[in-house]
Every structure is written in C-alpha cells, then in structure tokens.
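Here are the chains, one letter per residue:
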Amino acid sequence: MSEPTQAGAQREEIVLNMGPHHPSTHGVLRFVVHTDGEIMRKAVPEVGYLHRGLEKLAETQTYAGYMPFTDRVNYLEAMFAEQAYAMAVEALLATEVPPRAEFLRTIACELNRIANHHVTLGCITMDLGAYTPFVYLLREREGINDLIEALCGNRITHNYLRIGGVSYDVDDKWLGQLESYLNHFEPIIDELVALIVGNEILIKRMEDVAVISREDAVAWGLTGPNLRASGQDWDVRRDIPYGAYPQFEFDVPVGPLGRGQAGDCNQRFLVRVEEMRQSCRILRQCLAKLPEGDIKAKVPKMIKAPKGESYASVEGARGEMGCYLVSDGGKNPYRLKWRTGSFSAMSIIEHTSPGLMIADLVALVATLDVIAPECDR
Amino acid sequence: MEFIYNYLSSLELGPWATNILFVIALLVVSAAVFLVALTIAGFLVVVERRVAGRVQSRIGPNRVGPFGVLQWLADGIKLFMKEDLVPAQADGPLFRLAPYLVMVGVFAAFASVPFGMLLIASDLNVGILYILAITSVATVGILMSGWASNNKWSLLGGIRSTAQIVSYEVPAALSVLSVVLIAGTLQMSGTASSPGIISLQGGWPWDWYAFYNPFSLTAFAIYFTSAVAEGNRTPFDLPEAESELVAGFNTEYSGMRFAGFFLAEFANVYLMSAIATTLFFGGWQIPGVSLAAQAASFWLRLVGLGIFVGKAAVLCFVVVWFRWTFPRLRVDQLMSLCYRYLVPIAFVCLAGNAVYLLVIPAGSELDNLIHWVTAGAGGLLVLVLLWRVRFHIKRSGDRINLDLLARGEKGSFDPTVQARPYGKFRRQHNKESA
C-alpha cells in the first residue's frame, strides 16, 4: 500500500468509506473507495443494507397475496415488477390476459417508465451539482403520480395489476386526462433538452467519462438503457415481445446519440431522454387503439399453480426485470427469484472505476441508475 | 480613522486620554463594521433562498418577518442554541480556532470596503492590497478545519478548497492589477483631495473602469469568475460538493461554528461584489454630480450609498443566479480553466492595458471614443442577455403553477374532477362540495 517517496516519507492511499450514509448514494449503498488524492485506484460496492428478504417472503404468501410485495422490489418502477410477476404466474397457469387488460398494463408501465426517468435524470443533474432541474422534473412527475392515483388509488407502490388482468378499468375522463398530460409533457421534453442536455458544463462532466465498452456491457450482463448506451441494440419489448407491445411502433434508441462516445455517461443520459419520447409515442398509440372488453381473465380465488417453473421478463426502466418462479403445486410459490437491472449495473462499477476521479464515480453511479432496494431486494 | 484621531487630538486631553479614547473608538467602529457585514451576510442568505425558490418554481421562506427577511435571525438563534460539538478524535484547539480564522479573513476585509463617500471604516492608501492579503487568512482557516476534523471527507474538502483559492488568487490579482495600473493608486474610495480608485472614475457608465477599454472589460470578466471560484460558489463549489464530499471541510461542524463558516461564505459574496463595484463600476459615484458637491451634501452621500449597494446587489444576484443554474465542474477542469485560460488572458489584459496607457493619451478624442464604444458593447451584451432571459421566461411561463394537469390546453380534460385538485381548483372543489 505505501510507497516510499523521495523525501523518505511514506505515501499511502486513502481508503474512503462512501456510504451507507452519503448524499449521493442512491438509497443505502456503500462504496469502499481507494483513492490516491482525487484519483481512484478502485471502488468496491458493498450491497445488502436494504435486504428485506422479498424472495423468501414469497414462499409464505399466496400467489395473489404476493402482488403488493412486488411493488417493494423497486419503489420507482413498481409496475414493471408487478407485470413480471403476473406474467410468470400466468405462464404457470396458462391464463390468457384480455386485450384491454394488456393495453392498460402497457399504459401503466409506460407512465411508470416516464416517472422513473424523471427521477433518474433529476438525480443525475443533482449529483453533478445542479439542483434546479431535479425540482422541475419532480414537479412534472407529480402529474403522473396524480394520473396513477386516479387509476388505482396509490401513488408510489401501486398494486394495480392482478394475476390475469388489472384491478380497475379506466373511463373516458381518465383517458382525457392522460391525453392532456401528454400534450403538456411532450413540449416539456424539448424544454428539458434545451435547459439541461445542452449545458456545456454538464456535457463536459459526462462526455467520455467512465466508458463501458459494448463487450464489457454484455459480459457483465448490463441491460436496458445502460446496455443500449454502450451500443448494443437490445430491448425486451421488441426482441422478446410480450403483452401488447407487438402492436405498437416505437424506436429503440441506441448510443452513440449526441456528443461523446458509445458507453460514456453522456450516452446513458441521452438514451433515457430519448426513451421518454418513445414512451409518449407508445402511450398515444395506446390511446388510439384501446380495445373494449374485460379487464381480468377468470382465475380462481385461491390460485394453485400446477407443478413446474416459469420465467418472465419485462423491459423495466433499469433494464430487464425478470421473475423466476418455481411451483410445487401448492398454494404458495416454492421459490421466487428476481433478476433486476441494478444488480448487474452495480457489479460493473468495480471494473470501471480504476483511474476515475471521485467526482466521476458519482457520475457513473448516477448514470448507471443504481437503486439500492432493487439490488438488495 | 485619521479623522477620528485628529478630532481626538484636537480636544487636547493629553496623550493617555486621547489614546484610550481612540482605542474605544476603534472597537466601536470595528463592532459596527462587523455588525453591518453580519447583517448583509444574513440578508443575503434570505435573498438566496428566495431567489432559489423563484428559480425552482416554489415559494421559499416567507414566515419570519415580512417576506421572510428575518429568517436568518431565526436560523442564527437556532444554531446558537445547539451544542458546540467537537468530535472526540479531532484536534480540539485547531478545530475550535478554524471558523474564527475564516471569519476574520472575510470580515476584516470589510474595514476597507467603501459603502459611500467617506463611509468607509478605514480608507487605507493600500486598500485593495490589504483586502487581497487579509482574505487569504481564510484559506488557512479552511485548511485547518479540514485537517483538524480528522475526517477524510473534510481533509479532501480542505485540500480542494485551498488549492482552488490559491490558484484563483492569481488571475484575480492580475485583473485587479489592470485597474490599479489605470488608476495609479491602491486606495479604494478616495476624495477629491486624495484620489482613490472610485473617486478617479465618473458617475456615467463610460467613465467606469470596466468600460475603459476592451482589456479592462475582459479583466472584469476574469475577476468576477475568479472571485466566484475563490468564494467556493457554484459552479466552483467543489470543496462543499454535497454529492461528492458530503459537506467538505465543514462536515464535522455544527451549531455556532458552522454558522461562522456559513455567514463568512455569504459575507464573501457581498465582499467580492463590493470590490467589483469599486474597481470596475464606479462605486458610489452619482452620474452628473461632482466630487465636491457630494462631499458637501449629506443627502447626496446617502444617494451614493444607495447607488453603491444597488450595484453590489445586482452582482450578488448574479452570483446567486449562477448557483441555481449551473452544474459543478470537476477538479481537473477547474484547474485547467484557471491555468490554461484565465491566467494567460489576465496577463494579456494587463499588458494590453499598459500598452493602451502608453499609446493613447488620456482624455484625447480617441480615448473617449474607446470608452464610449466599450460601454456600448457592454450595454448591448447585457441587453441581449436580458432579452434571452425574457424570451425563455415568456416561453415557459414563470408563474408558480401547481395545477399541472390543468395546464394541458388540448384534450377533453376537466381540471375540477382530477384525483386531487390543487391550488385554486382545490378551493373551488371544496366550495362546491361544501
């Protein structure tokens, strides 16, 4: 560790303990940072501070009773975990979900994606020292929270999906509200681009910083926006179609988009901005094509899944959100396993961090969009 | 000071009595300067929070006193009441001493800051040199607090801060030197009989040193940037970078000692604005009023005080505006900005000013023309900036509007039936349901 210098004094690297209580660690994260002054030798993430045993809990719950717990896997993208779980159970039961329910699930998920990216983009700018965009983005997110509250009564942990469908139908009034929100929000994206994305200091902080090559991204199992920013064209919605997605037209933004090279922090930022536009596009198509019909398939009150196993994955806001389910034919799942985007994103930090500055680590963690509860479950 | 001493001497009380009275007078004047500086700093805290509220589309403190102007007193009293905590592993004496050094560095500089004609605690003949020197004491305090806290974040913050202040002192001093070169004096305020930097400038914009020639206008830009960096303000607030270093050098401080750092930072914002006003913007000069007339009339001096504080307030506002607009630079970007851009440009400005003074005779037609053109260009820049700001505000609207869903103009949307009505819709809703 210590090397002798010319004057005979000892040179030591500082071991900094970043977290679990630190303003920029998202949730309760901890990094053990080895630094030489401002430059890092390495940063080792420590996870587990937010472990709540969500997978073990599933084994004590009925299939329907576990649904509210899925919201807690990641409080920022509750709908996606709900859909992954619902799809896994439906695969076991071989249930057909009515088309209207599929559309409503899509609407809820895409709204959730936009709301999640609001927080992500806000946190990135806040970690890089600009406070104001965060406030503006959270203000816009309130509109989505209001919409979802009108939809299912909850603002953060929604508990909207049911096995075989959704819990509440929508009326024309709500659809009108959704449309007026889209009319309001789409120009806001342009404003956001003008205000934040073009800021020279922000670009300089993120451009060519913490580059993750396409090979590394694939090898470490990054998914979602982080993978696409590295130049790999992969989107579960398009490549393993599920739900109502085959009926929609949308583009998958892949880096490099603007300034900087594929896989740097700026790309991860821009891909998310572009994804918000695409989500708006999908929502508009949902509004145009929304079919009539049932919102819930007929499933028994007490679900007993046949013996077997299933895996269902959805394209969450942080990448592939997957749910692996094993059933022994009883009332409770025999085993449940979550696959989340943050966990793989967290694992690449140790590989990418050497040679970065402390301020770059903050940018890396923020743009990888690591969320502790999703990582620890 | 000389004025007081001469007055006391003229009373013929004998050397002992005169000296004791003089010391008492000194203490009174120091206390007055300290209190004025403290009030300005506290007021600036409130202004900052109100401006931040406006920028961020929220309201800001508005409970204590009219428009919340007494908020800083409430905060100060709260911090006074708190326990004076010294971490067990900290270096006690140094830890306790550090905030005072920072405060001394900033508040002592106020002794030589003019507020109006003759309204200056001590118009030293080396005024600007004294200010540049005494503010450096704060650096020692910051490094001391970083070291004595025995906290790695504090240490990193202290080192960052010290490196930053020492580096940015170079371009700041070089651009100040440009003005000193033009004025030929180091005295801040001055009167008709003993010329100072302000009294040598005029009341009109084209008489100001900022618009003396293009070089001095650039020198102002460099001074302002460096001063923001020296004050550890965004976008150069790396020492206190919350998301990186927790709270930098004052991580371990609480209560009154934290308040010391806090007020010193805000006093420094006013200090740098006041110095910029003095050096570049004609200080307390009233347009079209001669120095003799100002010296004779108390009311004119009061107007001058208002003009000085007004100009400084505009600059303070710009600094606050910066903070809520810009992200933060990285350490290496900060240093390269200083040494690769600001220092060379400051040298060019200094050399350019020297050549200008040599080549173009003062008061000639050409000299006046250059003043006019530079002032015009500066005014045009400000106008363009204001026009852009107005354009953006008009485009996105600056009203605080919580009725988000109601803002969608198209679509079949009735704001009174949304899930949770906000603002005026909530009041309307309540009235209807009652």
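Keep in mind that what you see is a predicted model, and the values were worked out from it rather than measured.

Novice: Help me understand the overall build of chain B in this model?
Specialist: Per the secondary structure count, chain B includes 16 helices and 0 strands. Within chain B, the fraction of its 434 residues that count as buried is 42%. Within chain B, counting contacts between residues at least 6 apart in sequence, those at least 24 apart form 74% of the total.

Novice: Sorry, what's going on with the overall build of chain A here?
Specialist: Along chain A, the regular secondary structure elements total 15 helices and 10 strands. The C-alpha radius of gyration of chain A comes to 22 Å, within 12% of the 21 Å expected for a compact globule of 377 residues. Reported as C-alpha extents along the three principal axes, the dimensions of chain A are approximately 80 × 50 × 35 Å. Residue burial in chain A is summarised as follows: out of 377 residues, 51% are buried. If you take every contact in chain A between residues at least 6 apart in sequence, the share linking residues at least 24 apart comes to 70%.

Novice: What am I meant to see in the pairing of strand β5 (residues 39–46) of chain A here?
Specialist: Successive residues of a regular strand alternate their side chains across the two faces of the sheet. Residues and elements named next belong to chain A. Direction of pairing for strand β4 (residues 30–36) relative to β5: antiparallel, over a ladder of 7 bridges. Each bridged residue has a counterpart across the sheet, and for H34 the counterpart in β5 is K42. In this antiparallel pair of consecutive strands, β4 and β5, the connection spans 2 residues, and G37 shows a positive phi of 70 degrees.

Novice: Where do I start with the sheet that holds β5(A) in this structure?
Specialist: Each strand in a sheet pairs with another by means of backbone hydrogen bonds, the pair being arranged parallel or else antiparallel. Residue and element names in this part refer to chain A. The strand order β3-β4-β5 describes an open sheet built from 3 strands, whose pairing is antiparallel. Two strands lie at the open edges of the sheet, namely β3 (14–18) and β5, each paired on one side alone. In this sheet, adjacent strand axes meet at a mean angle of 20 degrees when their direction is disregarded.

Novice: What am I meant to see in the packing of helix α2 (residues 15–55) of chain B against helix α3 (residues 71–81) of chain B here?
Specialist: Packed helices, taken two at a time, are described by the angle their axes make and the gap between the axes. All names here are of chain B. For the pair α2 and α3, the least separation of the axes is 8 Å and the interaxial angle reads 110 degrees. Looking at the two axes, α2 sits roughly perpendicular to α3. Seen from above, α2 lies across α3 with right-handed handedness. Along the contact surface, α2 presents G42, F43, V45 and V46, while α3 presents Q71, W72, L73 and G76. Tallied by class, residues from the contact of α2 with α3 come to 5 nonpolar, 3 polar and no charged.

Novice: Any chance you could explain the domain arrangement of chain B here in plain terms?
Specialist: Interfaces are often sized by the accessible area lost when the parts come together. Residues and elements named next belong to chain B. You can read the domains of chain B as domain 1 (1–81) and domain 2 (82–388). If you average the C-alpha positions of domain 1 and of domain 2, the two centres end up 19 Å apart. With 21 residues of domain 1 at the interface, the matching set in domain 2 holds 20 residues. Among the elements of the structure, α2 and α3 are those that each provide at least two residues to the side of domain 1 that touches domain 2. Take the side of domain 1 that touches domain 2: its biggest share by element is 15 residues, from α2. Of the residues contributing to the side of domain 1 that touches domain 2, the split by class is 17 nonpolar, 3 polar and 1 charged.

Novice: Is there a simple way to explain the environment of S122(B) in this structure?
Specialist: Residues and elements named next belong to chain B. Looking at the secondary structure, you find S122 in the loop between α4 (92–107) and α5 (127–135). Taking the number of C-beta atoms within 10 Å as the measure of exposure, S122 has 18 and is therefore partly exposed. As for S122 and S136, which are separated by 14 residues in sequence, their C-alpha atoms are 19 Å apart.

Novice: Help me out: how do you make sense of the nonpolar core in this one?
Specialist: Across soluble globular proteins, nonpolar side chains have a tendency to be buried as a group. All names here are of chain B. Of all hydrophobic cores here, the largest spans 143 residues; its most connected members are A267, Y270, L271 and A276. In terms of residue count, the dominant contributor to this core is helix α11 (residues 255–280) (16 residues). Apart from residues lying up to four places away in sequence, A276 is in contact with F220, Y223, F224, A227, F281 and L315.

Reading guide: rules and limits
- Residues numbered from 1 in each chain as written.
- Chains lettered and ligands numbered in written order.
- Predicted model: local features only at pLDDT ≥ 70, side-chain atom pairs only at ≥ 80, totals over all residues.
- Helix = DSSP H or I, 4+ residues; strand = E, 2+ residues; numbered from the N terminus.
- Buried ≥ 20, exposed ≤ 12 C-beta atoms within 10 Å, placed from the backbone.
- Contact = placed C-beta atoms within 7 Å.
- Rg over C-alpha atoms; globule rule 2.2 N^0.38 Å.
- Pairing = 2+ DSSP bridges.
- Axes fitted to C-alpha atoms, helices over the stretch in contact; angles between N-to-C directions.
- Parallel < 35°, antiparallel > 145°, perpendicular 65-115°, else oblique.
- Left-handed = near helix turned anticlockwise from the far one by under 90°.
- Nonpolar A, V, L, I, M, F, W, Y, C, P; charged D, E, K, R; others polar.
- Domains from an automatic or database assignment.
- Core = buried A, V, L, I, M, F, W, Y, C linked by C-beta atoms within 7 Å.

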